[in-house]
Amino acid sequence: MNLRSFRAPTMREAMQQVKDALGPEAIILNTREIRTGRNPLVEITVAQDYVEEFAGPSSTNRSNDWNGPTPEFLNKVMTELGGMRRELTRLRAERAVATQATRQWDRLMSDMKGVARLMGLTPDSDCPESALVMRLVAGGVEAALAQSMVERVTRGIKDMQDRTRAVAAEIRDAFTSAPPIWQRNQRSVAAFVGPTGVGKTTTLAKIAAKASIEHGKKVAIVAADTYRIASVDQIQAYADLLGTPWAVATGPEEMTQALKRFENADLVLVDTAGRNPWCDDTFDDLERLIGSVPVERHLCVSATSSGADLAQIVDRYNAGGVRSLVITKIDEARALGGMLSTVWGTDLQIAHLTNGQEVPQDIMTPDADELCQAVLG
Ligand SMILES: Nc1nc2c(ncn2[C@@H]2O[C@H](COP(=O)(O)OP(=O)(O)OP(=O)(O)O)[C@@H](O)[C@H]2O)c(=O)[nH]1
Ligand SMILES: [Mg+2]
């Protein structure tokens, strides 16, 4: 598009210039006042080629027998109109999608509020307590636990930041850590107990490797999981890899013999069978196997379990005495708040977190600040 500007002291004079130069059909695109010198000027910008195309090249000297816009001009206008129509259709479609997304989002929020109400929460965005509870629930904390913790900890505190600080301090306190199993000063016998498939044997192998290779401990392994086919082979494979002595114990006598055999080891690691925690036989068998020998029990639970399940699993195993917790598979968990259920209301400490399948690197000691941040966001 070819633009042309006309300047004059007044609008009337500027318009006259336009008319004189391009005729009355000139298409005005913009007018503005210019204050560069002492006296202000008016500037009119017109689309010159539109005038020429609209009225023909001779439009400026046009006589009264003008017959309307040229066919070229009409073609051009029609093409541009077609383009605009397509653009409008596209924008309408975009707006429809956006409106649909907004409706879906509103429906989702309304569903969430309904669920929260059913859970006994009060998802009132104006209520600061509720905002904190929702934040914890979003971090994976069980709803009932989030609600009761926030209510108890923030009672009497008015300021929102102080409330958040109080909750954070409570979470940090709950996540106290036990010393790493590979760093004990005295000889210890550590049995890994817990539900099926949570990573007991893998964790044992990680700790065996850390203790023997990085901390120079004399390590021995007892394979006491004779419930699952191939579990002994798994232990043998790790023991051979690490050059660690090992033995199998299928019952209490063999367990006593194995511990006697390894009485000079700094650290004896006992692999137990993963069993259904809701089944009483599980605990009877476990007691029969390790109940009468001096063994510390380290409960392995997976961070991928729900907070409610974790709380009950810990309850059941803690009845037999648990020395520390190992929380496994944090790499697979979408939120870590469920972990709060393992320690809340207990004096249990977390010895290790595991975050992958690689032996020995995917194991770490917990950091209360980091865990608190992961839960509270
Ligand atoms: N992603 C992930 N996988 C893990 C972790 N720890 C163990 N695993 C995997 O989980 C699976 C089960 O691990 P095991 O060590 O055999 O579990 P277990 O508790 O001994 O199983 P049972 O003896 O059958 O009860 C294996 O595929 C491991 O590689 C972890 O921290 N993260
Ligand atoms: Mg195992």
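Above this text sits the structure in question.
None of the values given here were measured: they were computed from a predicted structure. (Residues numbered from 1 in each chain as written. Chains lettered and ligands numbered in written order. Predicted model: local features only at pLDDT ≥ 70, side-chain atom pairs only at ≥ 80, totals over all residues. Heavy atoms only, no water.)

Participant: Describe the overall build of the protein chain, with residues and values.
Facilitator: Helix and strand counts for the protein chain come out as 13 helices and eleven strands. Going through the 377 residues of the protein chain one by one, you find that 42% of them count as buried. Contacts in the protein chain between residues far apart in sequence, at least 24 positions, make up 69% of those at least 6 positions apart. Carbon and sulfur atoms form 50% of the exposed surface of the protein chain, whose accessible area is close to 20,800 Å². (Helix = DSSP H or I, 4+ residues; strand = E, 2+ residues; numbered from the N terminus. Buried < 20%, exposed > 50% of the residue type's maximum accessible area, 1.4 Å probe, protein only. Contact = heavy atoms within 4.5 Å. Areas by Shrake-Rupley, 256 points an atom, 1.4 Å probe, with all protein chains shown as cover.)

Participant: Please provide a residue-by-residue account of the site of ligand 1, values included.
Facilitator: Taken together, 19 residues are adjacent to ligand 1, and Lys200, Thr202, Asp331, Glu332 and Thr354 come closest. At 2.7 Å, a side-chain N or O of Lys200 approaches an oxygen atom of ligand 1. In the model, an oxygen atom of ligand 1 is placed 2.5 Å from a nitrogen or oxygen of the Thr202 side chain. The fraction of the free accessible surface of ligand 1 (650 Å²) that becomes covered by protein chains is 83%. With four residues, helix H7 (residues 200-214) is the single largest residue contributor to the shell around ligand 1. For the shell around ligand 1, the residue count by class is one nonpolar, eleven polar and seven charged. (Near = heavy atom within 4 Å. Polar contact = N/O pair within 3.5 Å; in protein donor to acceptor, adjacent residues only side chain to side chain. Nonpolar A, V, L, I, M, F, W, Y, C, P; charged D, E, K, R; others polar.)

Participant: Could you give an account of the sheet that holds strand S10 (residues 350-354), naming the residues involved and the relevant values?
Facilitator: Taking strand neighbours across the sheet as the criterion, the eight strands line up as S6-S5-S7-S4-S8-S9-S10-S11 in an open arrangement whose pairing is mixed. Across the chains shown, the open sheet's two edge strands, defined by having one partner strand only, are strand S6 (246-248) and strand S11 (363-364). In this sheet, S10 lies alongside strand S9 (residues 324-328) in parallel orientation, the contact comprising three bridges. The partner of Leu325 across the bridge, within S10, is Ile350. The sheet strands contacting H7 are strand S4 (188-193), strand S5 (219-223), strand S7 (267-271), strand S8 (296-302), S9, S10 and S11, and the helix crosses S7 at an angle near 165 degrees. (Pairing = 2+ DSSP bridges. Axes fitted to C-alpha atoms, helices over the stretch in contact; angles between N-to-C directions.)

Participant: So, the packing of aromatic side chains: which residues are in play, and what are the values?
Facilitator: For the coordinates displayed, the defined rule picks out one aromatic pair. Geometrically, the ring pair formed by Phe283 and Tyr317 is edge-to-face, given 4.9 Å between the ring centres and 65 degrees between the ring planes. On the criterion of sequence distance, the pair formed by Phe283 in helix H10 (residues 280-290) and Tyr317 in helix H11 (residues 307-318) is long-range, its members being 34 residues apart. Given a relative accessible area of 4%, Tyr317 falls into the buried group. (Phe/Tyr/Trp six-rings, centres within 6.5 Å; stacked < 30°, edge-to-face > 60°.)

Participant: Mind laying out the nonpolar core, listing which residues take part and the relevant values?
Facilitator: Core analysis: the biggest nonpolar cluster contains 59 residues, and Leu136, Val167, Ile171, Phe175, Met255, Met339 and Ile350 have the highest contact counts within it. In this structure, this core is formed jointly by two domains, domain 2 (123-174) and domain 3 (181-376), each of which donates at least three residues. Other than its neighbours up to four places away in sequence, Phe175 contacts Met339, Leu340, Val343, Ile350, Ala368, Leu371, Cys372 and Val375. Core analysis: the second largest hydrophobic core is formed by 21 residues, Ala208, Ala223, Leu267 and Ala351 among them. (Core = buried A, V, L, I, M, F, W, Y, C linked by side-chain atoms within 4.5 Å. Domains from an automatic or database assignment.)

Participant: Describe H7, listing the residues and the values that go with them.
Facilitator: Residues that lie three or four places apart on an α-helix share one face, since the helix turns once every 3.6 residues. The terminal C-alpha atoms of H7 lie 20 Å apart, and with 15 residues this matches the ideal 21 Å at 1.5 Å per residue to within 8%. Taken together, the buried positions of H7 are Lys200, Thr201, Thr203, Leu204, Ala205, Lys206, Ile207, Ala208, Ala209, Lys210, Ala211 and Ser212. The positive-phi residue at the C-terminal boundary of H7 is Gly216, with phi of around 60 degrees. (Expected span 1.5 Å × (residues − 1).)

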